[in-house]
Every structure is written in C-alpha cells, then in structure tokens.
Amino acid sequence: MATRNAAILDKTIILTGGGGDIGSATVQLLLAQGGRVAVLDRSPDALDRLAAAAGGSDRLFTAPCDVTSEAEISACFAKARAALGPIHGVVNAAGIEGRRAPIDQCATEMFDAVMAVNVKGVFLGIKHGIPLLRESGGGAIVNACSTAGLKGVEGMAPYVASKHAVLGLTRSSGLEWGRHGIRINCVAPGPVEGRMLQSIYAERAADPSWPSLESRRALNPSGRFGEPAEIANVIAFLLSDASSFVNGALFSVDGGVCAL
Ligand SMILES: NC(=O)c1ccc[n+]([C@@H]2O[C@H](COP(=O)([O-])OP(=O)(O)OC[C@H]3O[C@@H](n4cnc5c(N)ncnc54)[C@H](O)[C@@H]3O)[C@@H](O)[C@H]2O)c1
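Scope of this entry: the structure provided in the associated data block. (Residues numbered from 1 in each chain as written. Predicted model: local features only at pLDDT ≥ 70, side-chain atom pairs only at ≥ 80, totals over all residues. Heavy atoms only, no water.)

## A look at the packing of helix α3 (residues 70-84) against helix α4 (residues 108-135)
Contact geometry of α3 with α4 gives a least axis separation of 10 Å together with a crossing angle of 30°. Regarding the angle of α3 to α4, the classification is roughly parallel. In the packing of α3 onto α4, the handedness of the crossing is right-handed. On α4, the residues that touch Glu70, Ile73, Ser74, Phe77 and Arg81 of α3 are Leu124, Gly125, Lys127, His128, Gly129, Leu132 and Glu135. Across the contact of α3 with α4, the residue classes break down as four nonpolar, four polar and four charged. (Axes fitted to C-alpha atoms, helices over the stretch in contact; angles between N-to-C directions. Helix = DSSP H or I, 4+ residues; strand = E, 2+ residues; numbered from the N terminus. Parallel < 35°, antiparallel > 145°, perpendicular 65-115°, else oblique. Left-handed = near helix turned anticlockwise from the far one by under 90°. Contact = heavy atoms within 4.5 Å. Nonpolar A, V, L, I, M, F, W, Y, C, P; charged D, E, K, R; others polar.)

In structure tokens form, the structure reads like this:
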C-alpha cells in the first residue's frame, strides 16, 4: 500500500473548543499544514484572538457555539460547510473540568454541566459530523478524552466519568462507521500546561493533602507536563491519511502516565 500523507494539506476540519489551549494549538498546526479550519467555541474573545493570530486568513472560519445545544451545533456545522466547503474531519475538543470535590459534596448542577459539555457535546459533534463526512466520501473524527478516561482521580468523579464516556462514544461510533470510511478515535492527554491545569491545581492549593503542581510535574515519567502542541501533533495525525487504519482507538499522550 502506498505511503499515506501525514499532513492535512487540503482537508477541511471543524474543531470545537478551538479557543482553548489544546484547541488553538491544533488550529495553528492545521492551518500551517495547509488545512481549512472552522472553529466553534463559546468564547467570542478566544475566537477573536484566533482570527487575529491567523491574520484574516480565508482558511479560518469562526463562530460562537455552545456545544451543549443541538440547535447551535446543527446550525454552526451547516455554516462551517457553507463557508469552507466539504468537511473531512471533526475535532471535539470543547471541555470543562468542573469543580474539585468528593462525590458526597459535588453539586449536582456541576455534574450536569460537566456531562453536558464533555459527553453531550462530543455526542452531538459526532452525530452532526457524520452526515458531513459521508457527504465527503469519508473522514475522521477525533474526540478529546483524557488519562482521566482510563483511571480514577480523587475529587474529580464527574470529570472522570465524563471522559470514560468519551471513550465509550469513540469506540461504539468507530465500530458503526468504519465500513463507511469514517474513522473515530480519541486522544487522551495527560496533564498539559495551560488554563485547565492551573484551574484544577488552584483548587488543590486549598487542600494540603493534594500534591503540589511542582511535585506532580516531577512524578510524570517524563519529568514534566505536556505542551498543547504535543497534543495537537497527535490530533493532526489522527485526522490525516497517515492513520488510515486507526479506528475506535485511544491514543495516550501523557509522557508515560498510563504506563505506570
Ligand atoms: N489541559 C489538560 O491538561 C487536559 C488533559 C486531558 C484532557 N484534556 C481535554 O482536552 C480538551 C481541551 O482542553 P484544554 O486544555 O484546551 O482546555 P481549555 O479550558 O484551555 O479549552 C477548552 C475550550 O472549550 C471551550 N468550551 C467550554 N465549554 C464549551 C461549550 N459549552 N461550548 C463550546 N465551547 C466550550 C472553552 O471556551 C475553551 O476555549 C478538553 O476536552 C479537556 O477535558 C485537557
């Protein structure tokens, strides 16, 4: 079989949560590889920053979108198709961490909010992405899972449960759509430097029983946390033709955490 191209080149990708650390690193990489990217995020400020960084490129489309709303996802995916043409890939990267608390003290509203963004948002991204990818003759979907999709984390049960669900959505939908030329995989980052990690460890600071950010960094088998660009590289690989026989899979990008 011929060698497949690891670059995105002329592909068009819809990316939710593209205003975040991992999302924006992915947007920059996809644009640098010649792709067209439709970024959907609930933060208009983050979308403005992305558009400014892209210098008005006509290969970038942005739209405010709440991934928990099926009406908004449906309308924004249609707008992305109209603006950039046929769609070859979808990245479901929007996510929230919730608040840290033991389960008996978790606000049920917080549980609902985490599930709505991290699970329903990914479900909707797959559901509304499939028809667009079928129209293009196939494509790839990449979901943002986490090492928390494979392991428990004390004090983060809603987030952990949501990421286990992302793995289930990925595996089940991958089985459904492989025969139609649509591959559905997930990336499972370990701790990545950025806003989400700072937020989680800011809450830990109030509880001395939790390790510090610095000690956690040192405990990682690679002696550090990841950078958003390192996650973006694997997302781009899973979108590209170089991963043509990868389906229903989870790719850990964690410096070795899951090998512990
Ligand atoms: N940062 C990490 O250490 C880490 C580790 C493992 C997994 N992840 C996962 O990777 C993904 C990206 O994480 P990140 O570090 O870039 O986080 P981030 O907080 O920097 O970015 C998340 C983005 O999602 C957007 N978003 C949140 N709720 C939304 C909604 N309802 N509708 C639309 N957009 C919404 C935010 O505006 C933000 O731009 C998340 O799913 C996260 O759970 C992150």
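## Let's talk about the environment of Asn233
Relative to the assigned elements, Asn233 resides in helix α8 (residues 228-239). Looking at Asn233, the relative accessible area reads 45%, which means it is partly exposed. In sequence terms Asn233 and Tyr159 are 74 residues apart; their C-alpha atoms lie 24 Å from each other. (Buried < 20%, exposed > 50% of the residue type's maximum accessible area, 1.4 Å probe, protein only.)

## A short note on the packing of aromatic side chains
Enumeration according to the criterion identifies one aromatic pair in this entry. Between Phe237 and Phe251, the aromatic rings sit 5.9 Å apart at their centres with planes inclined by 50°, giving tilted as the arrangement. Taken together, the residues span a long stretch of sequence, with Phe237 in helix α8 and Phe251 in strand β7 (residues 250-253) at a distance of 14 residues. Using a relative accessible area of 29% as the deciding quantity, one classes Phe237 as partly exposed. For Phe251, a relative accessible area of 27% corresponds to the partly exposed category. (Phe/Tyr/Trp six-rings, centres within 6.5 Å; stacked < 30°, edge-to-face > 60°.)

## A look at the sheet that holds strand β3 (residues 60-64)
The strand order across the open sheet built from seven strands is β3-β2-β1-β4-β5-β6-β7, with neighbouring strands paired in parallel fashion. This sheet does not close on itself; its edge strands, each paired only once, are β3 and β7. Across the sheet, the mean angle from the axis of one strand to that of its neighbour is 15°, orientation sign disregarded. Examined bridge by bridge, strand β4 (residues 89-92) and strand β5 (residues 139-144) share four bridges and lie parallel to one another. The partner of Val90 across the bridge, within β5, is Ile141. The strands touched by helix α1 (residues 21-32) are β1 (12-16), β2 (36-41), β3 and β6 (182-189); relative to β1, the strand with the most contacts, the crossing angle is about 170°. Relative to the sheet, helix α5 (residues 157-177) contacts β5, β6 and β7, its axis offset from that of β6 by approximately 160°. (Pairing = 2+ DSSP bridges.)

## Focus: the site of the ligand
Inspection of the region around the ligand gives 27 residues, with Ile22, Asp41, Tyr159, Val192 and Arg195 positioned closest. Here Asp41 contributes a side-chain N or O atom positioned 2.6 Å from an oxygen atom of the ligand. Isolated, the ligand exposes 830 Å² of accessible area, and the fraction of that covered by the protein chains is 94%. Elements represented by at least two residues in the shell around the ligand include exactly α1, α5 and α6 (195-204). (Near = heavy atom within 4 Å. Polar contact = N/O pair within 3.5 Å; in protein donor to acceptor, adjacent residues only side chain to side chain. Areas by Shrake-Rupley, 256 points an atom, 1.4 Å probe, with all protein chains shown as cover.)

## Details of the side chain of Thr147
Along the polypeptide, Thr147 turns up in the loop between β5 and α5. Ignoring anything within four residues of it in the chain, the contact list for Thr147 reads Ala188, Pro189, Gly190, Asp254, Val257 and Cys258.

## Thoughts on the pairing of β5
Burial analysis of β5 places six of its six residues in the buried class, which makes it a mostly covered element. The alternating pattern of β5 places Gly139, Ile141 and Asn143 on one face and Ala140, Val142 and Ala144 on the opposite face, and all of these are buried. Crossover connection from β4 via α4 to parallel β5: handedness right-handed. Relative to β6, β5 is paired through six bridges, and the arrangement is parallel. Its bridge partner lying in β6, Val142 is registered against Asn185. Note on the crossover from β5 through α5 to β6: the handedness is right-handed. (Right-handed = clockwise from strand over helix to strand, strands pointing away.)

## Regarding the nonpolar core
Counting 36 residues, the largest nonpolar core has Ile14, Leu40, Phe77, Ile130, Ile141 and Ile184 as the members making the most contacts within it. Of all the elements in the fold, those that place two or more residues in this core are β2, β3, α3, α4, α5 and β6. Looking at this core element by element, the count peaks at nine residues for α4. If near-sequence neighbours (up to four positions away) are discounted, Ile184 is found in contact with Ile126, Ile130, Ile141, Asn143, Thr170, Ser173, Gly174, Trp177, Asn247, Gly248 and Ala249. Judged by nonpolar contacts, the second largest core, of 25 residues, contains Leu50, Val192, Ala236 and Val253. (Core = buried A, V, L, I, M, F, W, Y, C linked by side-chain atoms within 4.5 Å.)

## A short note on the side chain of Thr16
By secondary structure assignment, the location of Thr16 is in strand β1. By relative accessible area, which is 2% here, Thr16 ends up buried. At a separation of 3.1 Å, a polar atom in the side chain of Thr16 contacts the main-chain amide nitrogen of Ala93. Among all residues touching Thr16, those that are not within four sequence positions of it are Leu40, Val67, Val91, Asn92, Ala93 and Ala94.

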